[in-house]
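Commentary on secondary and tertiary structure
Here's the letter readout for the chains.
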Amino acid sequence: MNDNLHQLRCFGCGARIDGAEAQPDFRCALCGDLFEVEYPGWGQRRGNDRPNPGALKWLWRERRCSSEALDQSGVWRFRELLPILQNFGNVVTLREGNTPLYHLPRTAKALGIDQIFAKHQGMNPTGSFKDTGMTAAMSVALERGFQWVACASTGNTSAAMAAYAARAGLRSLVLIPEGKIAWGKLSQAMDYGAVTCQLPVDFDGCLRLLTEIVKEAPIYLLNSVNPYRLEGQKTPAFEIAEAFDWNVPDHVIVPGGNLGNSSALGKGFRELHELGLIARMPRISVIQAEGANPLVRSFAASQGATLEPVEAHTRATAIRIGNPASWRKATRAIQDTGGWCLDVTEAEIAVAKAELGAEGLGCEPASAVTLAGLKKLHARGVVAPGETVVLVLTGHTLKDADYTIDFHRGTLLKEEETVGMEAKIDSLRRNAVAVEATPAAVLATLKGRA
Ligand code: F0G
């Protein structure tokens, strides 16, 4: 299935262009919407010429035993389904993907749902799901001869971009909202050598500005408006399907920020379905923070037909986004699969994050919206006890250690945010205690903590 012929199809008007013809901002010249990568060769194959699902599944699994960098990548071992390069020798990889799928027995028991799993994308090389998209789009940047790449970011995209650019020998430019990203992420961009500009605007403002900049200079835009990012980010869908022996779970729940990730997972499952590798698609639900919920509002107001940007506020800074670029694509993923879109409060996010921590996993705040959202869906009675649910944890817990420490010290949330949840929060807090340096004093702290 080496149809190394892809094209870009406009999500809005359906116009088709060659990959190299895309404008620097990846917007359609005719209608301004975003593009999606399409592989016309797949549809043209009939009968015996169709890919053999059994052979592909065997090959993908077999590659995990290979010592080749390309095979060791959890993105590129599926390269038959992302033939976006002229030459796979241009791949820039940090052996991303192949992330663990953890069972959450305590959470499952507490909710009365049989099977809850976490697909931990925070276990990627730079600590977030962005690596799977970055390996794909950075490889395209290298193949097309760019010397500079750039992104606007709430932190994780910039960390991933800076690392992959450094590996590729390219220079990178990062635009971030001043004071609104977690230190761990900022430190990564610095360490990997990016030129980092902190701007007195929000993420949406950074992305708007960058869109103007790339029209004036030969800089390759690596935000998720770049359709090649989503090609890499669709591969966790393949890993999830593979982990369930190609019988997909009932429900996959993802956080929603700029809405590239939910779009990509939707595309991944759809392609597996169209190619006959899976028999059905899982529901895909998108969860936003209450203060950064433009898609939730869009569903309430117009069933996802129109979207009004909002001014975004949430301590889950990764998803502090008011004008998500890929909202139409995410809407399709939710509607095609019968999923839901809802929002959760700051206290619900903090509690869910602590509960995931107590399962020994941990994640950054934006990832915890998935569990908070599942609890809400369960309370509404729309998730049946016998279902299998996968939460996509998008970032590593060490990305935002300040948030975690503030929670456990009791300084994260305001009193009015925790009304009705005080007991729950108290039961989860594990602040460090100052103790005298004697065995008796240390042992005394264990009393009452069976
Ligand atoms: N979770 C984390 C940890 C993120 O960093 C992001 C987005 C999301 C969820 C939301 O994903 O945007 O595809 O809907 N972070 C971007 C960044 C915007 O710049 O790092 P999305």
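Let us look at the structure shown here. (Residues numbered from 1 in each chain as written. Predicted model: local features only at pLDDT ≥ 70, side-chain atom pairs only at ≥ 80, totals over all residues. Heavy atoms only, no water.)

Before going further, it helps to examine the site of the ligand. In the region of the ligand, 20 residues are neighbours, and Thr154, Thr157, Asn258, Leu259 and Thr394 sit closest. One nitrogen or oxygen atom from the side chain of Lys130 is found 3.0 Å from a nitrogen atom belonging to the ligand. Between the ligand and Ser153, the relevant distance is 2.8 Å, taken from an oxygen atom to a side-chain nitrogen or oxygen of the residue. Out of a free accessible area of 480 Å², the ligand has 98% covered by protein chains. (Near = heavy atom within 4 Å. Polar contact = N/O pair within 3.5 Å; in protein donor to acceptor, adjacent residues only side chain to side chain. Areas by Shrake-Rupley, 256 points an atom, 1.4 Å probe, with all protein chains shown as cover.)

Moving on, we get to the packing of helix α11 (residues 260–274) against helix α13 (residues 327–337). Relative orientation of the contacting elements α11 and α13 amounts to 50°, with a least axis distance of 8 Å. Viewed along their axes, α11 and α13 adopt a mutual orientation that is oblique. Here the hand of the crossing between α11 and α13 comes out left-handed. Note on element contacts: α13 touches α11 through Lys329, Ala330, Arg332, Ala333 and Asp336, opposite Ser262, Ser263, Gly266 and Arg270. Class assignment for the residues of the contact of α11 with α13 results in 2 nonpolar, 3 polar and 4 charged. (Axes fitted to C-alpha atoms, helices over the stretch in contact; angles between N-to-C directions. Helix = DSSP H or I, 4+ residues; strand = E, 2+ residues; numbered from the N terminus. Parallel < 35°, antiparallel > 145°, perpendicular 65-115°, else oblique. Left-handed = near helix turned anticlockwise from the far one by under 90°. Contact = heavy atoms within 4.5 Å. Nonpolar A, V, L, I, M, F, W, Y, C, P; charged D, E, K, R; others polar.)

Within this structure, the stated rule accounts for 23 salt bridges. As a salt-bridge pair, Arg63 and Asp71 come within 3.6 Å of each other at their nearest N and O atoms. Assessed through its relative accessible area of 10%, Asp71 is described here as buried. Lys375 serves as the salt-bridge partner of Glu355, at 2.6 Å between the closest nitrogen and oxygen. Highlighted residues: Glu355 in helix α14 (residues 346–358) and Lys375 in helix α15 (residues 365–379), separated in sequence by 20 residues. Overall, the relative accessible area of 24% leaves Lys375 in the partly exposed class. (Salt bridge = Lys/Arg side-chain N within 4 Å of Asp/Glu carboxyl O. Buried < 20%, exposed > 50% of the residue type's maximum accessible area, 1.4 Å probe, protein only.)

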